[in-house]
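This is what each chain is made of:
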Amino acid sequence: AEMHVSHIITATKQIMRKDGHLRPRLHLNGEEAHIRALEIATMESEAVIENPEDELHEFRIHGGATNRALLMAGVEAGLRKEMLLKMYPQHASIPFDAERKFSASLHEYRRGFRIFVLGAPELLLHGSSFLDFDGKKENLTASWRESILKKYGVMAGDGLRVVAAAYKDVSADTLDPARVTERLVFVGLLGLKDPVREDVARSIEEAYDAGIRPIIITGDHAHTAEAV
């Protein structure tokens, strides 16, 4: 089974995958922040659909597992990257970098510009001053910050890879990597489930039998690594 987005958590609601699909629907009250999180995930995904005119189950998607999962989560909610880019033309982008721990892009938005950011939850939370409360921009209080961090810990403890979505509106047509994570509006957390391959347990057992001690090297949260 492929990696897939299994949870989306925002200030007002948690959506989980059921029957193989996520259930946020466009323009549904109480789910605006979930759609916004998926819009950001879709635009920041570096995956590409080779045959977008075909049926969903026939899609051939190129890109890393995380990027494919993010793009497909948007597709399941009725979002298409090409349509989003028509609505919000892109002017600049910063690709994901393991040291930087985020990707970002600058888009035309209404009468100005908006920067969309996807990255490590602790980094984006630290750089957020506001919280998207289903379309309303509220102050991100210490209690909200603590609550989101707690949810992040629970998701990681369940073995999920977790990324955060955020944005900010700017007046200038510039994208400065050093200032991207300042005064963000935090949107939500996306949890990605990466099923462990069936042969992993046997491989680890064989390694132990041969006197080899396996070590997990990962960029994920320590709780995620422990759960895996």
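For clarity, every value in this text was computed on a predicted model and none was experimentally measured. Each residue is numbered by its place in its chain's sequence as written, counting from 1. Residues qualify for local features only when their pLDDT is at least 70, as the model is predicted, and side-chain atom pairs are given and counted only at 80 or more; totals for whole chains, interfaces and linings, by contrast, use all residues. With hydrogens and water excluded, all non-hydrogen atoms of the structure serve as input to the side-chain values.

1. What to know about the pairing of strand β6 (residues 102-109)
Thinking step 1. The cut-offs for exposure are 20% and 50% of the maximum accessible area for each residue type, with area from a 1.4 Å probe on protein chains only; residues under the lower value are buried, those over the upper are exposed, and the others partly exposed. The secondary structure listing takes helices from DSSP runs of H or I that are at least 4 residues long and strands from runs of E that are at least 2 residues long, numbered from the N terminus. Burial analysis of β6 places seven of its eight residues in the buried class, which makes it a mostly covered element.
Thinking step 2. The criterion for strand pairing is that DSSP finds at least two bridges linking the strands in question. As judged from the four bridges shared by strand β5 (residues 90-94) and β6, these two strands associate in the antiparallel manner. Note on β6: the bridge partner recorded for isoleucine 94 is alanine 104.
Thinking step 3. Note that β6 and strand β7 (residues 112-119) share eight bridges and pair antiparallel. Paired with phenylalanine 102 across the bridge in β7 is glycine 119.
Thinking step 4. Hairpin geometry of β6 and β7 is characterised by an intervening segment of two residues between the two adjacent antiparallel strands and by a positive phi of about 55 degrees at arginine 110.

2. Observations regarding helix α1 (residues 32-44)
Thinking step 1. Expected helix span is taken as 1.5 Å per residue step, with the number of steps being one fewer than the number of residues. An ideal rise of 1.5 Å per residue puts 18 Å on 13 residues; α1 measures up with 18 Å between its terminal C-alpha atoms.
Thinking step 2. Of all the 13 residues making up α1, 12 are buried; the element is thus mostly covered by neighbouring parts of the structure.
Thinking step 3. Turning to α1, its buried residues number three or more, namely Ala33, His34, Ile35, Arg36, Ala37, Leu38, Glu39, Ile40, Ala41, Thr42, Met43 and Glu44.

3. Quick notes on the packing of aromatic side chains
Thinking step 1. Any two of the Phe, Tyr and Trp rings considered here, Trp counted by its six-membered ring, make a pair once their centres fall within 6.5 Å; the pair's planes then place it as stacked at under 30 degrees, edge-to-face at over 60, or tilted in between. Taken as a whole and judged by the stated rule, the model has three aromatic pairs.
Thinking step 2. Here the aromatic rings of tyrosine 88 and tyrosine 109 are separated by 5.2 Å at their centres, their planes lie at 35 degrees, and the arrangement is tilted. With tyrosine 88 in the loop between α3 (81-87) and β5 and tyrosine 109 in strand β6, this pair connects stretches of sequence that are 21 residues apart.
Thinking step 3. The exposure class of tyrosine 88 is buried, given its relative accessible area of 13%.
Thinking step 4. Owing to a relative accessible area of 12%, tyrosine 109 belongs among the buried residues under this scheme.
Thinking step 5. On the numbers, 5.9 Å between centres and 75 degrees between planes, the contact of phenylalanine 133 with tryptophan 144 is edge-to-face.

4. Some details on the environment of glycine 188
Thinking step 1. Along the polypeptide, glycine 188 turns up in strand β11 (residues 184-193).
Thinking step 2. Here glycine 188 falls in the buried class, since its relative accessible area comes to 0%.
Thinking step 3. Along the chain, glycine 188 and leucine 125 lie 63 residues apart, while their C-alpha atoms are 9.7 Å from each other.
Thinking step 4. Contact definition: two residues touch when any of their heavy atoms are within 4.5 Å. Once you skip the residues sitting within four places of it in the chain, glycine 188 turns out to touch Ile9, Thr10, Val163, Ala164 and Ala165.

5. What about the nonpolar core?
Thinking step 1. Formed by 28 residues in total, the largest nonpolar core has its most connected members in Leu70 and Leu190.
Thinking step 2. Those elements giving two or more residues to this core turn out to be β1 (4-10), α1, α2 (65-76), β7, β10 (161-170) and β11.
Thinking step 3. If one sorts the elements of this core by residue count, α1 sits on top with seven residues.
Thinking step 4. Of all hydrophobic cores here, the second largest spans 25 residues; its members include Ile94, Leu106, Ile148 and Met155. Nonpolar cores were defined as sets of buried Ala, Val, Leu, Ile, Met, Phe, Trp, Tyr and Cys residues, with membership established by side-chain atoms within 4.5 Å.

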